[in-house]
Amino acid sequence: GSTLSALTCNLTTNADGTPLLVAGSVTPVVYSNPIGIAGLDGASPIAVPLVVTHLTRVNGGNNGGYYNYIVGSGFPNDKSKVTVTVCSANATIVSSTNQQIKFYQPACPTTDAQTVTVQVGSLSDSSLTFTYDS
């Protein structure tokens, strides 16, 4: 071999043009056609943050069962790799994209504000709350 002094990567993007990256530690790899996948010598992992910005619905009846959405970034496109917990109950995830999680709001025996926890791998965020009404 030869040595490269610079490398430009084109990442897959979301509809708004932001890079589609899943939260966690990501080690860059390069795909070069027709050679294939190659690791980058000495590459350090990139820390991709889990960003949770808001719920589209912040209150509702304590019977649950209705759709809600969490908006942010770093979510996996595979819904089985994300967990949402509200009122000590796991929500049923309907779908997950890199910027939005659609889920059924779980029921809650109380009528007050409850923490919403989003977990992706070893990262979690508990900055949102949902208020259950009677």
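Small disclaimer: the values here were computed from a predicted structure and weren't measured.

**Examining the sheet that holds strand E10 (residues 92-97)**
On the basis of which strands lie adjacent, the open sheet formed by four strands has the order E5-E7-E11-E10 and antiparallel pairing. Pairing within the sheet leaves two strands with one partner each, and these edge strands are strand E5 (51-55) and E10. Along the sheet, successive strands turn relative to each other by an average axial angle of 25°, direction set aside. Where E5 and strand E7 (residues 67-73) come together, four bridges link them in antiparallel fashion. Within E7, the residue paired with Val52 across the bridge is Gly72.

**Comments concerning the packing of aromatic side chains**
The geometry of two aromatic rings is summed up by the distance between their centres and the angle between their planes. One pass over the structure, following the stated rule, counts three aromatic pairs. Taking the centre distance of 6.4 Å and the plane angle of 35° together, the rings of Tyr66 and Phe130 count as tilted. With Tyr66 in the loop between strand E6 (59-61) and E7 and Phe130 in strand E13 (residues 123-133), the pair connects residues that are 64 residues apart, well separated along the chain. Taking the relative accessible area as the measure of exposure, Phe130 reaches 0% and is therefore buried.

What counts, and where the lines are drawn
- Residues numbered from 1 in each chain as written.
- Predicted model: local features only at pLDDT ≥ 70, side-chain atom pairs only at ≥ 80, totals over all residues.
- Heavy atoms only, no water.
- Pairing = 2+ DSSP bridges.
- Helix = DSSP H or I, 4+ residues; strand = E, 2+ residues; numbered from the N terminus.
- Axes fitted to C-alpha atoms, helices over the stretch in contact; angles between N-to-C directions.
- Phe/Tyr/Trp six-rings, centres within 6.5 Å; stacked < 30°, edge-to-face > 60°.
- Buried < 20%, exposed > 50% of the residue type's maximum accessible area, 1.4 Å probe, protein only.

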